[in-house]
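Chain by chain, the residues run as shown.
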Amino acid sequence: MGEQLILLPMSDQSDHPLILLWHRRDLRLHDHLALAKARQKTARIVGVFCLDNKILQAKAMAPARVAYLLGCLQSLQDHYQRLGSQLLIFHADPVQLLPKLANTLGAQRVVWTLDTEPYAQQRDLAVAQALREQGLAIATEWDQLMHHPGEVLTQAGNPYTVYTPFWKNWRQLPKASPVSTPKDLQGLSAAEQEKLDPLGLQAIPQLTDLGFSWDQPLPLAPGEEAAEERLAWFVANVLEEYQQTRNFPALDGTSQLSAALKFGVISPRTLWQATVAAWDQSRSEEARASIETWQQELAWREFYQHCLYSFPALAQGPYRSPFQEFPWEENQDHFQAWCAGETGYPIIDAAMAQLNQTGWMHNRCRMIVASFLTKDLILNWQWGELYFMQTLYDGDLAANNGGWQWSASSGMDPKPLRIFNPYTQAQKFDPEGEYIRTWLPQLAPFDTGDLLTGKLSPIERRAVNYPDPVVDHNQQQREFKRRYQLVK
Ligand SMILES: Cc1cc2nc3c(=O)[nH]c(=O)nc-3n(C[C@H](O)[C@H](O)[C@H](O)COP(=O)(O)OP(=O)(O)OC[C@H]3O[C@@H](n4cnc5c(N)ncnc54)[C@H](O)[C@@H]3O)c2cc1C
């Protein structure tokens, strides 16, 4: 378990003490707890962001995610400027940079928002230690979840390992309201700013400067404004029907706020408040059921973050240790076919095309393709987990790992053994073949029934350069079940 960092007493050294707000996964100024608390002490609050090579150069990084990050930094920098302050950008290791920066500017303290990921916790402890060694004060807040780890525990005081009892406990805990956003801030003087060049102060880089390229529009534009607008649109147009719309990938029937939540561009408090307001205005049981279903999704996000915090080994492998011995196939051709959307199963290939072209995939399809990789191709779920992190613009260690372990049946809640039939899933959730036709236009002319059941003849497939199925679903699911008996 990570050590929680402690708020140190303040020692004002000037009438206008300077506080540095180190941003990480909290790329907003609206409803920001550490900012609101800092503003009670001073108006001189300056933001800092470190482009950290340990994150940017990790093999699990996706170009679309970096593109979204850079856009959010631009938007955050603009927001700081509008309020009268700055967001300082450095391409540096925060453990090295922050003590130097705080000393150079004579900052009174450095504040930040805590994170559940193992790397973030190790880094934060190292930063805290480096700052303390120099006599600098720090303050930290939990702010990326409605309820932080340790707040939602079983009666025996343990972390939950099953979602439903977690949700029942989580939902009845009192929820905090959004905090106020400062209307004005003060930044650095010109003289202070001059001192930053030797430390490597820089402009927000271009994506290509960081070695990535991404030229597609992102599903949600970066920045606070776009996230707030999307939330308002979702609440007005979808939320009350979410229970129906959320399962149909051809519809714009989910919030599309996952990347904004991942980078803290919008706060969970703001989302929760929107659901409560919608609930108060709702006029039917169906509407309230839909609102609650979306609240449950917000709780899934928190559940997986609590799990990762309490069981950091999840990031390295299966929760259930016998699963480490699972006899996975090693077939690289099958894996490449899955990645490229060339499995010959239309619903799988359409979903992978959506992922590869947009950096996002609908949740229903994430479950279908994850089941296909693990139960039909019988490939290690960690291959799929990594590929998702390398492509998703909302890629998030806790949610992605949780989703993959759920799909592979290697996680905390493996029962019932879930094997999705790709044809049945397509018939149920894309009944008109609209999603398949959008992402696989070469299949558009075919009969809908044949698209959904995969009954395209080899000649028809060849005519549009579409592959034959790489495996037989029925045969493979029997084989998966046989192997599963060995480790369950
Ligand atoms: C194999 C697999 C991998 C996944 N990888 C990720 C990932 O890397 N990042 C990610 O944010 N989500 C991931 N999910 C969860 C889910 O698919 C996405 O959160 C969702 O599709 C995002 O779209 P949305 O914002 O429109 O969701 P909505 O349906 O509007 O849901 C609202 C929010 O709730 C959260 N949420 C919803 N479902 C889940 C869930 N099952 N687990 C955790 N949080 C959830 C998300 O923050 C989402 O933005 C994964 C699911 C699976 C099955």
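Keep in mind the model is a prediction, meaning the values are calculated, not measured.

Scanning the protein from terminus to terminus reveals 22 helices and six strands. In terms of C-alpha radius of gyration, the protein reaches 24 Å, essentially the compact-globule figure of 23 Å for 488 residues. Taken along the three principal axes of its C-alpha coordinates, the protein extends 80 × 50 × 50 Å. By residue count, 56% of the 488 residues in the protein fall in the buried class. Accessible surface computed for the protein: about 21,000 Å², of which carbon and sulfur atoms make up 50%.

This next bit is on the UniProt feature "domain: Photolyase/cryptochrome alpha/beta" (unreviewed entry) in the protein. Under the present numbering, the feature "domain: Photolyase/cryptochrome alpha/beta" (unreviewed entry) in UniProt falls on residues 17-146. A distance of 30 Å separates the end C-alpha atoms of residues 17-146, which is 46% helix and 18% strand.

Right, let's talk about the site of the ligand for a bit. Taken together, 28 residues surround the ligand, and among them Tyr 242, Thr 254, Ser 255, Gln 256 and Asn 363 come closest. At 3.0 Å from an oxygen atom of the ligand is found a main-chain nitrogen or oxygen belonging to Ser 258. Measuring from an oxygen atom of the ligand, one finds a backbone N or O atom of Asp 396 at 3.0 Å. For the ligand, the protein covers 95% of the area, taking 820 Å² as the surface of the free molecule. Of all elements in the fold, only helix 10 (258-262), helix 12 (285-310), helix 15 (363-376) and helix 17 (397-408) reach the threshold of two or more residues within the shell around the ligand. When residues of the shell around the ligand are assigned to their parent elements, the largest contribution, six residues, is made by helix 12.

This part is about the pattern of salt bridges. Applying the stated rule across the entire model yields 21 salt bridges. Where Asp 252 meets Arg 230, a salt bridge forms, and the shortest distance between an N and an O atom there is 2.8 Å. Taken together, the residues span a long stretch of sequence, with Asp 252 in the loop between helix 9 (242-245) and helix 10 and Arg 230 in helix 8 (residues 224-237) at a distance of 22 residues. In this structure, Arg 246 engages Glu 297 in a salt bridge whose closest nitrogen and oxygen atoms are separated by 2.9 Å. Placement of Arg 246 in the loop between helix 9 and helix 10 and of Glu 297 in helix 12 is noted, with a sequence separation of 51 residues between them. Look at Arg 246 and you get partly exposed, because its relative accessible area is 26%. One continuous salt-bridge network, built from bridges that share partners, spans Arg 25, Asp 115, Glu 117 and Asp 396.

This part covers the environment of Trp 112. Its location among the elements puts Trp 112 in strand 4 (residues 109-113). Sequence spacing of Trp 112 and Ser 258 is 146 residues, and the spatial spacing of their C-alpha atoms is 22 Å. Within the local environment of Trp 112, its side chain forms a polar contact with the side chain of Asp 124, the two groups lying 3.4 Å apart.

Attention shifts here to helix 15. In a regular helix each residue adds 1.5 Å, so 14 residues correspond to 20 Å; helix 15 covers 19 Å between its end C-alpha atoms and thus fits that length. Taken across its 14 residues, helix 15 has 13 buried, putting it largely inside the fold. Remark: Ile 378 follows helix 15 within two positions and exhibits a positive phi of approximately 55 degrees.

Turning to the packing of helix 6 (residues 163-172) against helix 12, a few remarks are in order. Between helix 6 and helix 12, the shortest axis-to-axis distance is 10 Å and the interhelical angle comes to 110 degrees. Classed by the angle they form, the pair helix 6 and helix 12 counts as roughly perpendicular. Between helix 6 and helix 12, the contacting residues are Tyr 163, Phe 166, Trp 167, Trp 170 and Arg 171 on the first element and Glu 292, Gln 295, Gln 296, Ala 299, Trp 300, Glu 302, Phe 303 and His 306 on the second. For the contact of helix 6 with helix 12, the residue count by class is seven nonpolar, three polar and three charged.

Thresholds applied
- Residues numbered from 1 in each chain as written.
- Predicted model: local features only at pLDDT ≥ 70, side-chain atom pairs only at ≥ 80, totals over all residues.
- Heavy atoms only, no water.
- Helix = DSSP H or I, 4+ residues; strand = E, 2+ residues; numbered from the N terminus.
- Rg over C-alpha atoms; globule rule 2.2 N^0.38 Å.
- Buried < 20%, exposed > 50% of the residue type's maximum accessible area, 1.4 Å probe, protein only.
- Areas by Shrake-Rupley, 256 points an atom, 1.4 Å probe, with all protein chains shown as cover.
- UniProt positions renumbered as here; feature names shortened; annotations may be inferred.
- Near = heavy atom within 4 Å.
- Polar contact = N/O pair within 3.5 Å; in protein donor to acceptor, adjacent residues only side chain to side chain.
- Salt bridge = Lys/Arg side-chain N within 4 Å of Asp/Glu carboxyl O.
- Expected span 1.5 Å × (residues − 1).
- Axes fitted to C-alpha atoms, helices over the stretch in contact; angles between N-to-C directions.
- Parallel < 35°, antiparallel > 145°, perpendicular 65-115°, else oblique.
- Contact = heavy atoms within 4.5 Å.
- Nonpolar A, V, L, I, M, F, W, Y, C, P; charged D, E, K, R; others polar.

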